[in-house]
Amino acid sequence: MTALLETRDLAKSFGAVTAAADINVKINAGEIVGVIGSNGAGKTTFINMVTGYMKPTSGDILFDGKNIIGRKPREVMRKGMCRSFQVAQLFPELTVLENILIAQAMAESKTLSFFSALHTNKREQNARALLDDYEILEYVDEVVSTLPQGVRKLLDIAMAMISQPKVLLLDEPTSGVAIEDKFDLMTTVMAAVKKSGAAVLFVEHDMDVIARYSTRLLAFYDGRILADGPTKEVLRDENVQTLVIGHHLDMDELEGTANA
Amino acid sequence: MNLALAVLVDGVVYSSWLFLIAAGLTLIYGVMKILNMAHGSFYAIGAYSGASLIGVYFAGGNPPWASYLLLIGVAMVAGLIVGLLIERGFLRFMYGRDEVVMILVTYGILLILEDTIKLLWGVDPYFAYQPYTLLGRTKISSLSFANYDFMLIAVTAVVAFILWWSLNRTKAGKILQSVIHDREIAGALGVNVTKIFTITFVIGAFLGAFAGAMTAPGISVVPGIGIEVIILAFAVVVIGGLGSVGGAFVGALIVGLSRALSVHLYPDGELFVIYGVMGLVLAFRPQGLFAIASARKI
Amino acid sequence: MLNKNSLILLVLAVALILIGLVMPYWFSFLVTVALGKGLVVLGLVILMRAGLVSFGQGLYYCAGAYAVGAFSHFVETDNVILLLAVAMLAGLVISSVVGLLLSRYRDIFFAMFSMAFSMILYGVLVKSAELGSSDGFNVTSPSLFGFAPEVNGGSILSYWVAIILAFVFGAIIWRYFKSPMGVAGEAIRENEIRVEYLGVSVQKVIYIKYIMAAVLASTGGAITAMTVGHIDPEMAYWTTSGEFVFIALMAGTGHVAAPLLGAVIFELLRSFAFQVSPYTWQMILGITLLAIIIFLPKGLWSLKDKLMKGAKS
């Protein structure tokens, strides 16, 4: 079986600084993959590269068996790979509904209509259903810049999911969200994404969240992949504990959260 | 041979003039991130103040040689008054706005200053030819050049050197460079950004007025000269890279020499050449030749 | 079938056309010139909604006018439809070339670079002896296959054309602003990265908008040329473009009617201010501009929304 997303010897350097090297990853359909690593370990660089925002210095990226090196984000998106952002990328002065309507119209076709209305009953119905999936329907008429961080993060992810991608990359979906809300947010996202069957890769700093939601885990260290395997195994790894997590993990407690 | 000489001399004279005008514009942009449309008005104010005072000065029968000092003094006073008035009185309340909004703000200031100039000096032309003719002319080969123009080159060289020296060799200049590089970090490190802004704006206004005052003896000072000049200055700083004083120097040379070439070989292309060169440079280097790179943020 | 709003608009357009018959000529002249500028500003508004301020719409305003002038002069026609078509074509052709370069730029670079292009045209025209150099040249008054009725001492045809074009373009752009392509402008202004990740080429959208704005501007220039009967390179000078920016800011970008009405208000104000005090006109403009930026950043049109909100509560 060929992987949905595969990178071969992916590397990125800025002058003398190596941001990523020897990145070999395979993601299969429907997988839920967590990503950990300290700041600057290459997680966001990885997402930027595979979605075409940043051109790798060398290496290949295969999506659905085709090399997508040099493709722009919009082309990668059309192929079926979308992402969310560490800082939600939205249209801040527009309402939540307008944000979703625009995303829908753009997802429908890259050639935008000049004359038909953006706001149709059908689109609004779909938008409301989508917002309901992400449990932010109550904000539908609010202007985005007035919304709390958690709602923005959910809207950001909802907009990425509109085109029903096969792979969804989430860059720190819970950053900027209060600790007590992290699990709610992830539960909502995972439930909504599960409907579509997309493979998910998410960057996360909270080991409790990682343990509960990911089945597989990638640990980045110094621009390289230090460990890749079933989440529990990677979390037990000595190197991962000392280099990436920075302290010893109480696995019993983690498993307690994971099973809760 | 004569043609080459004429192109070279005219080109360098014109370049010096362009640099005098553009230096203040690019300095203000570099430090304050304001593309100051009113800079042309500073030039016009300098030219009018210079021309009218020179007229009074010579009418009073004062020693002619000191009139050059008068031009410098006039520019200093005009720059100080106008710069302080605009920066302290108005501009400082607008800081933090979008760069495009700041263009519109300075466009508004330009409109106001243009009519203020008409109200103060009327619409009749002013002539202040004495400092220009006083220096006489020099014959090189069979061509005759005004010595005032050579002096302009020397003055520009001095101004360029002082700017370079104070930006690179003094503590104040290094602080200024740090603000140009990253305003937020400079502010966080305890640099008094407000004070720097005021000083920069006044220096920029002085440079604009000085360019006008130095130009006045060679031209007839009429309404609208500032409007003409500002777009030339834009071309120069855009070619050199907005905010870079060294870039403005190179930009002025490029524009000055290509204009001189066009004037002597194909006079009809004079204006076209300036913006043509600008278009050409920007097509290959969108940020200009010596732009200070800014990182893309996600 | 027409709905209520289109019916009102149609009645209004017909009424304005008929009123032209009893209007004093100076007034219909003023309205025509104003609507010509209004169309340019309408195009500018398309760009400004996408966050782009062009200080160079004079390029197309002038190109449209010169297309009319040159065509009527060299082909010897005064057919208003033909002349308008030539002007629009001129705007379309020039902008589809210049736009390739300009659509890569944003912010002040877009503003300055568009200004540079209009100054190139100015520089060329000033030195073109066969096109009248800096004096420009006269343009014959247009007719519709020989039909050019005189009312109150001047031809009313241009006025009618301006009214019809203002309504037609106004309606089209009104519709456009509500379409995905129209709203894409606001999306780009707000967040280009998101637009790219939604699968749309920002540069292409800007390119298309730039061409639309140019065609509107060249149409406006054509109307001006036919009405005033004289054209000169000043139309491409950057101060002309600055005037368009001024009207757009003053009027606001919230509705298609804002730039059209704004242009009429602007021309009325100017003709009075010029008579009262010719040397303070620019000062008034400058002070108004600063006041608008500070107190009414969304322009006069936003007052309407505020008033309506006030009335409701």
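Keep in mind that what you see is a predicted model, and the values were worked out from it rather than measured.

Novice: I keep staring at the pairing of strand β8 (residues 199-203) of chain A and nothing clicks. Help me out?
Specialist: Successive residues of a regular strand alternate their side chains across the two faces of the sheet. Residues and elements named next belong to chain A. In terms of burial, β8 is largely enclosed, as five of its five residues are buried. Where burial is concerned, the two faces of β8 agree: the one with A199, L201 and V203 and the one with V200 and F202 are both buried. Here strand β3 (residues 32-36) runs beside β8; their pairing, made up of four bridges, is parallel. Counterpart to G34 in the pairing with β8 is F202. Of the pairings in the sheet, the one linking strand β7 (residues 167-170) to β8 comprises four bridges and is parallel in character.

Novice: What should I look at first to understand the side chain of S118(C) in this one?
Specialist: All names here are of chain C. The residue S118 is located in helix α5 (residues 107-126) in this model. At 2.9 Å, the side chain of S118 and the backbone oxygen of A236 are in polar contact. Excluding residues that lie within four positions of it along the chain, S118 makes contacts with G56, G58, L59, A236 and S241.

Novice: What am I meant to see in the sheet that holds strand β6 (residues 81-83) of chain A here?
Specialist: Strand-to-strand pairing in sheets goes through backbone hydrogen bonds, with the strands running parallel or antiparallel. All names here are of chain A. Here six strands make up an open sheet; going across it, the order is β6-β7-β8-β3-β9-β10 and the pairing mixed. Each having just a single partner strand, β6 and β10 (224-230) make up the two edges of the open sheet. Averaged over all pairs of adjacent strands, the angle between strand axes in this sheet comes to 15 degrees, irrespective of strand direction. Here four bridges tie β3 to strand β9 (residues 216-221), and the two strands are oriented parallel to one another. The residue of β9 that forms the bridge with I36 is A219. Across the sheet, helix α5 (residues 149-161) lies against β6 and β7, angled at about 160 degrees from β7, the strand it touches most.

Novice: How should the sheet that holds strand β5 (residues 66-67) of chain A be read in this particular structure?
Specialist: Residues and elements named next belong to chain A. One open sheet accounts for four strands, arranged β2-β1-β4-β5; its pairing is antiparallel. What marks the edges here is a single partner per strand, and that holds for β2 (17-27) and β5. Bridge count between strand β1 (residues 5-14) and strand β4 (residues 58-63): five bridges; the pairing is antiparallel. Residue pairing across strands places L5 opposite F63, the latter belonging to β4.

Novice: Honestly, the confidence of the model for chain B in this entry has me stumped. Any pointers?
Specialist: Averaged over all residues, the pLDDT of chain B equals 85, while 98% of them reach at least 70. Here residues 294-298 of chain B scores under 50 on pLDDT; set against residues more than four positions off or in separate chains, the count is nine contacts.

Calculation rules
Along each chain, the written sequence defines residue order, and numbers are assigned to residues from 1. To read the labels, note that chains go from A and ligands from 1, taken in the order they are written. Where local features are concerned, this predicted model is filtered to residues with pLDDT of at least 70; where side-chain atom pairs are given and counted, the filter is 80 or more; whole-chain, interface and lining totals use all residues. Heavy atoms throughout the structure, all of them, feed into the side-chain values; hydrogens and water do not. To sort residues, take the accessible area from a 1.4 Å probe on protein chains only and compare it with the maximum for the residue type: under 20% means buried, over 50% means exposed, and anything in between is partly exposed. Where helices and strands are cited, they refer to DSSP runs of H or I of at least four residues and of E of at least two residues respectively, numbered from the N terminus. When DSSP finds at least two bridges between two strands, those strands are taken to pair. N or O atoms within 3.5 Å of each other form a polar contact, as long as, within protein, one can give a hydrogen and the other can take it, and as long as residues adjacent in sequence are counted only when both atoms are side-chain atoms. Residues are treated as being in contact if the distance between any of their heavy atoms lies within 4.5 Å. Lines fitted to C-alpha atoms define the axes, with helix axes restricted to the stretch in contact, and inter-axis angles between N-to-C directions lie between 0 and 180 degrees. Per-residue confidence from the predictor is reported as pLDDT, a score between 0 and 100.

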